[in-house]
Amino acid sequence: MSSKSTQPPRRTGSLPVIINSTITPNMTFTKTSQKFGQWADSRANTVFGLGFASEQQLAKFAEKFQEVKEATKQLKDKSQEKVETLSNHSQESGRETPSTTQATSINGTDDEKISHVGPEAAVLKTENDRLKSAVEQSNINAKKWETELQTLRENNARLVDALQESSANVESWKKQLSSSKEESDALRAKIAELEAQCHDADQEKQKNSQLTVRVQELEVELNDKQQELENLRKQAEIIPQLMAECETVSTKLQAAEMKNNELEGKLGCLQVDIDDSRQKQGNMKGELKKFMDILDGKIDELHEFRQGLSKLGADN
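Residues numbered from 1 in each chain as written. Predicted model: local features only at pLDDT ≥ 70, side-chain atom pairs only at ≥ 80, totals over all residues. Heavy atoms only, no water.

## Looking at the nonpolar core
Here is step 1 of the chain: Among the nonpolar cores identified, the biggest contains 15 residues, and F29, W39, L50, F61 and F65 are the most heavily contacted of them.
Here is step 2 of the chain: For this core, the elements supplying multiple residues, two or more each, are β2 (15-23), β5 (46-51), α1 (55-104) and α2 (110-236).
Here is step 3 of the chain: With sequence-adjacent residues up to four places away left out, F29 is seen in contact with G37, Q38, W39, L58, F61, A62 and F65. (Core = buried A, V, L, I, M, F, W, Y, C linked by side-chain atoms within 4.5 Å. Buried < 20%, exposed > 50% of the residue type's maximum accessible area, 1.4 Å probe, protein only. Helix = DSSP H or I, 4+ residues; strand = E, 2+ residues; numbered from the N terminus. Contact = heavy atoms within 4.5 Å.)

Structural data, given as structure tokens:
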């Protein structure tokens, strides 16, 4: 006996391929890798192989293959027992038929025939009853085997459906895997682009930090310059007083010159005073000129510093 199993369609390129294989008790399913298995069909002189999406599916298929194989073996053994039983019953019936013929040909009176045929007829009746029981039991067993065969066929059909569903799942998983790979590649490209943007942003941030430090340093220098300028302005406030003093001295000098004609007697003393006053005025004018030169230089430096700071702010 053998069990015929139709494997689910398998795609080769764009064409589906249906694997038809007859499973016999002598077949062996071999796992050639983690997700691939094969078996040899000696009748078709072909080696069949199936690939699976996971090891669990491969193990499940191997278990189903072994179950069908064991069921086929049991069915074969029961069929052989049935044939042997029927053969034995036929041989026993053949051996008992001559004794019956012999029993009917015995000569003698009716009482003698009855005395000779009675025990043999009882034996034959017993054998016939036993044969009838055996035939009935054989019929019962045949029905039972037919039921088991139908069960095996249903199991085989369920196995085929499971394999077809598995194949459909494999195709779906392949599509999902391809889609996942495409999404992964797109995400990797996006990550690489974001990393490049982050790198540029880090460089720009570093430049901004350097510029911020430089601006803070320039602000400190500007504050120092403004403080220095404020001091110069405070010193410049004294200049009008000095100028006023100079005017006062000039007025006094003019008055002294006007009185020079009137006070000839006091010319010597006044001449000394005039010389002293002129010397003081000259010293004051020299100092005032130096102070003005220094103030002009500081103002020019401050003007150049402001221009450099404005240019640096525009570049930033």
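## Some details on the sheet that holds strand β3 (residues 30-33)
Here is step 1 of the chain: The antiparallel open sheet is built from three strands, whose spatial order is β3-β4-β5. What marks the edges here is a single partner per strand, and that holds for β3 and β5. For this sheet, the mean angle separating the axes of adjacent strands, direction not counted, is 30 degrees.
Here is step 2 of the chain: When β3 meets strand β4 (residues 36-41), the two strands line up antiparallel, connected through three bridges. Directly across from S33, in β4, lies its bridge partner F36. (Pairing = 2+ DSSP bridges. Axes fitted to C-alpha atoms, helices over the stretch in contact; angles between N-to-C directions.)

## A word on the packing of aromatic side chains
Here is step 1 of the chain: Under the counting rule described, the total for this entry stands at eight aromatic pairs.
Here is step 2 of the chain: Seen from their ring centres, W39 and F61 are 6.0 Å apart, and the 35 degrees between their planes marks the pair as tilted. Placement of the pair is W39 in strand β4 and F61 in helix α1, with a sequence separation of 22 residues. Residue W39 shares its accessibility class with F61, and that shared class is buried.
Here is step 3 of the chain: Note on F52 and F61: the rings are 5.4 Å apart at their centroids and 45 degrees apart in plane angle, and the pair reads as tilted.
Here is step 4 of the chain: By relative accessible area, which is 10% here, F52 ends up buried. (Phe/Tyr/Trp six-rings, centres within 6.5 Å; stacked < 30°, edge-to-face > 60°.)

Worth remembering: the numbers are spatial, not functional.
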